[in-house]
Number of protein chains: 2
Amino acid sequence: MGVRNARPPQPTLEMVAAEAGVSRATVSRVVNGSPKVRPEVVVSVTAAIERLNYVPNRAARSLASRQTQSVALVVPEDMTKFFGDPYFAAVVQGITQRLDESDYTLNLLVASTDPRHKTMRYLRAGNVDGALVISHHTGDSFVADLESTMPVVFGGRPTNDSGANNYFVDVDNIAGSMSGVQHLVDIGRRRIGTITGPVDMPAGIDRLTGFRRVLENAGLATDAVEHADFTAAGAAAATRRLLERCPDIDALFVASDLMATGALGVLAEQGRAVPRDIAVVAYDDSPAAISGSIGMTTVSQPSKEMGFAMADLLLRLLADDETVPHRNIMPTSLVLRESA
Amino acid sequence: MGVRNARPPQPTLEMVAAEAGVSRATVSRVVNGSPKVRPEVVVSVTAAIERLNYVPNRAARSLASRQTQSVALVVPEDMTKFFGDPYFAAVVQGITQRLDESDYTLNLLVASTDPRHKTMRYLRAGNVDGALVISHHTGDSFVADLESTMPVVFGGRPTNDSGANNYFVDVDNIAGSMSGVQHLVDIGRRRIGTITGPVDMPAGIDRLTGFRRVLENAGLATDAVEHADFTAAGAAAATRRLLERCPDIDALFVASDLMATGALGVLAEQGRAVPRDIAVVAYDDSPAAISGSIGMTTVSQPSKEMGFAMADLLLRLLADDETVPHRNIMPTSLVLRESA
DNA sequence: ATGTGGTGTGAGAGCGCTCTCATTTAGGGT
DNA sequence: ACCCTAAATGAGAGCGCTCTCACACCACAT
C-alpha cells in the first residue's frame, strides 16, 4: 500500500473546535450553516477555520451523513466516441452548469467495453448519490441494477421505458426528424435516403421512424436506408454503401451533425454537389454543423439545456422533491442553412 | 437535506462476517486479498460476499485507510476548449488506459473560470490521492497549494519548474517545433510565419522559441508571428491578422493541429493554395490533422502515450516507488503529409 | 512433558464526521 | 421569588471500514 509521501496532516473538526474553544458539534453546525448558533460564536469558529485552513474531510462526512454530494455521469461509449462528438460536449456543459450552482460535483464515467463491471462497483460502493445516464443502448443491462441503488436520470428515453417510472429528459425525436425530412419533401426532393444512428438506441430508432413516416405520408420510397454508428467515419462508409445501392438519391437525412460531416466528405469526393445534386439535412445543431465549408441545415435540439435539465431533475430528486415530473420533453426546431 | 428516496440498504462487512461465521477482520482480509487466510475460509467468505452481493463502502474504507483509490485530472480550461481539442481526448485516453490496469479511478475536473476555488476544496477534502494537471497556465497559482497536499504529475513542463522537484511528462517542444520549421526551410520557403499557442503556457512559448531559433539560424526574418489560443476560431482570426500584416508569407507553422484547421479555412477562403502558395506545418498529429480535405504535415507527439506515462508516474508515486524519475521527455517526429 | 516459533483469527481502537439527546443558559410570565 | 419554555451548546454514539495486537492453535524440537 505504501505510506504516502509525507504530507502535513489536514486539520480536523476536533482541532478547529479546540482552537475556537467550542465543541465539535458546534463547529459542525457552523460548517453546515445551521441557524442555531450565536452569531458571535459563528464568527469565532469561522476565524478558527480560517486560521487552520480547515477543509472538511469528505470521506468522514459522507460516511456519517450517508451522502456524497456528488453525482455520476455514465456514458456507455468508448472515449473516442465521447470526445469526438460535440453533442456530448454540449450536454456535459449543461450538466456542469447546473451542478456549479449546487454543491454537488460531477464524476464522469466513460465506461467503454471492459470496465462496465468496474464502473458498477464504483457506483455501488457509494461514491455518488445519483446518476445521469446518456447514450445508453438496448444491451446496457447495468442500468436496471443502477436504478435499484440510486436515483437515475436519463438523457434520452430509456430503452426499457415500460414502467414509465423512469426519469428522463429528451426531445421528440420522431417529430424532430419528421420536420427535417418534411423540409426535403417540401423543397421538391423525391428520392430521399437516410443515414441512421445505431438501431439499438432510441435516438437512432426514432429518427428513422420519423423519416419513414414522412416518406410514407408523401407516398415516397423508404428503402434508401443505411445504418451507422453516430461517428463521422461510420457515416462515411454508410454513405458510400447508400450511393452504390441507390445512386439516384437527391436528398439525404443524416441522424447527426457529426455523421453529416462524414457524409458530406463522401459526397464531395464523389462529385455530388450539395445541395444542388443532393440536399442534406442533419440533426443536433452542434458546432459540427457550422464548422465545415458548407453550413448544414439541421434539426436543432437544445443539447446543453437538456444537460442542464437532467442535472436539475436529478438534484431535485436527491432533494426529495415530490413534484418532479418523470419526463421532460424539450422542443426541436429546424435550422435552415445551405445544405438543404 | 432530504431523506433520500428509500433504497434497500447496502450490505456491510459486518453482515458478511455474520453470514460467513467469521470476524470482520477476516472478511476484510479476504476482500483485500491478504495471503494469510486459510483457503477454505476464503472460499466460504467469498461465497457469503456473493450471496449478499456485497460491495465495500468507499467512504468507510477511505476514512479508515486514508486512501481514496482515485486520482484527479485537473484541466484549467473551459469545457468547450477541453472537448474541442482532440489532443485532450488522446491524453485522457492514455490516462484511463493506465488507470484501468490499476484499481484507481479517474476524477475529471475541468475547472473553468469561477469554480477554481470549488475545485481546490474538492481536492483538499481528501477526495483523491493524487492529481494530474494538464494545460496549466502561468497564472494557475492553485498548483502550488495542490502540491503541498498530494503528489502531482504535470502534462507539460510546469510553469514554475524552478526547483526541479516537479514530476512531469513532456516532449521537447523546442526541438519538435524546430524540426517542423526546419522542414519548411528545407523545402525552400523563405518567408515563414507562425500562429502560436498562448504565451502563458510552456507549450506555446517553447514552440515559438523553436520557430525563432530555426529562422535565426537560417538568417530569415522572425517577425511574422501572431498569437492565438489553441482554438480553431482563435487561429483563424490570427491567420487573418497575419495575412494582412505579412501578405508575402510562403509558409506557416501552426502550433497545433486544431489551430491549423482554422488557419487552413482562412487560407482557402482567401484563395491561397496549400501547399503551393503557402506550405503549412502543424503540431500534435491528432485526428484533426487528417480529418480535413488536405492531410497536414505535422509534428507528431505521442499524446496518448504521454497520458499513459503521466498516470503511470503518479501511480508509482502513490506506491512510494523511490525510483521514479522526475521528468519523462518523450520523442517527437515530423509526419509528412500534403500540406508541406 | 515443556518449550519455540510460526500462522491464522478475533477483539477493539480508531479514521473524521453527523446527529440525537441531554444539559445548560437566558428570558418571560406569574 | 418561582416555574416554564425556547434557544444554544456539548456529550457521545455511531457510520463501515482498516489495522495493530494479542491470542489460540498446531507442528516440531527438545
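It should be noted that the structure appears before, not after, this text.
Residues numbered from 1 in each chain as written. Chains lettered and ligands numbered in written order. Predicted model: local features only at pLDDT ≥ 70, side-chain atom pairs only at ≥ 80, totals over all residues. Heavy atoms only, no water.

Q: Could you clarify how one ought to interpret the packing of aromatic side chains in this entry?
A: Two measures describe an aromatic ring pair: the distance that separates the ring centres and the angle between the ring planes. The tally for this structure, following the rule as stated, stands at nine aromatic pairs over all chains. Ring plane angle 70° and centroid distance 5.5 Å describe the contact between F83 of chain A and F82 of chain B, whose orientation is recorded as edge-to-face. Separated into two different chains, F83 of chain A in helix α5 (residues 79-84) and F82 of chain B in helix α5 (residues 79-84) make up a pair that spans both. Residue F83 of chain A is classed as buried on the basis of its relative accessible area of 7%. A relative accessible area of 1% places F82 of chain B in the buried class. Aromatic ring contacts, followed pair by pair, group F82, F83, Y87 and F88 of chain A together with F82, F83, Y87 and F88 of chain B into a single cluster. Directly above the aromatic system of Y283 of chain A lies the positively charged group of R207 of chain A, at a separation of 3.7 Å from the ring centroid. (Phe/Tyr/Trp six-rings, centres within 6.5 Å; stacked < 30°, edge-to-face > 60°. Helix = DSSP H or I, 4+ residues; strand = E, 2+ residues; numbered from the N terminus. Buried < 20%, exposed > 50% of the residue type's maximum accessible area, 1.4 Å probe, protein only. Lys NZ or Arg CZ within 6 Å of the ring centre and 35° of its normal.)

Q: Hey, could you run me through helix α4 (residues 58-65) of chain B in this one?
A: Residues three or four positions apart in an α-helix share a direction because the helix packs 3.6 residues into each turn. Residues and elements named next belong to chain B. Within the sequence span of α4, burial applies to R58, A59 and S62. Each buried residue of α4 lies within a common arc of 100° when the element is viewed along its axis, so the set occupies one face. With a side-chain oxygen lying 2.8 Å from the backbone nitrogen of A59, the N-terminal cap of α4 falls on N57. Trailing α4 by a residue or two, R66 shows a phi angle of about 65°, which is positive. (Arc of directions from axis to C-beta. Polar contact = N/O pair within 3.5 Å; in protein donor to acceptor, adjacent residues only side chain to side chain.)

Q: I keep staring at the packing of helix α11 (residues 232-245) of chain B against helix α12 (residues 257-269) of chain B and nothing clicks. Help me out?
A: When two helices pack together, their arrangement is given by the angle between the helix axes and by the axis-to-axis distance. Residue and element names in this part refer to chain B. One can describe the packing of α11 onto α12 by two numbers: an axis separation of 7 Å at closest approach and a directional angle of 45°. The angle between α11 and α12 falls in the class oblique. Between α11 and α12 lies a crossing of right-handed hand. On α12, the residues touching A232, A235, A236, T239, R240 and L243 of α11 are L258, M259, T261, G262, A263, V266, L267 and E269. (Axes fitted to C-alpha atoms, helices over the stretch in contact; angles between N-to-C directions. Parallel < 35°, antiparallel > 145°, perpendicular 65-115°, else oblique. Left-handed = near helix turned anticlockwise from the far one by under 90°. Contact = heavy atoms within 4.5 Å.)

Q: So what exactly am I meant to see when it comes to the interface of chain A and chain B here?
A: Much of the literature gives interface size as the accessible area that the parts lose upon coming together. Between chain A and chain B, the residue contacts involve 51 residues of the former and 51 residues of the latter. A buried area of about 4,600 Å², summed over both sides, lies between chain A and chain B, and 50% of it is on carbon and sulfur atoms. Here chain A and chain B share one salt bridge between them. For K118 of chain A, the salt bridge identified is with D100 of chain B, shortest N-O distance 3.8 Å. Applying the counting rule to chain A against chain B returns 11 residue pairs in polar contact (both at pLDDT 80 or more). Elements that contribute at least two residues to the side of chain A that touches chain B include exactly α4 (58-65), α5, α6 (86-100), β2 (105-110), α7 (116-127), α8 (142-149) and α14 (303-318) of chain A. Counted by class, the side of chain A that touches chain B contains 25 nonpolar, 16 polar and 10 charged residues. (Buried area = accessible area lost by both parts, 1.4 Å probe. Salt bridge = Lys/Arg side-chain N within 4 Å of Asp/Glu carboxyl O. Nonpolar A, V, L, I, M, F, W, Y, C, P; charged D, E, K, R; others polar.)

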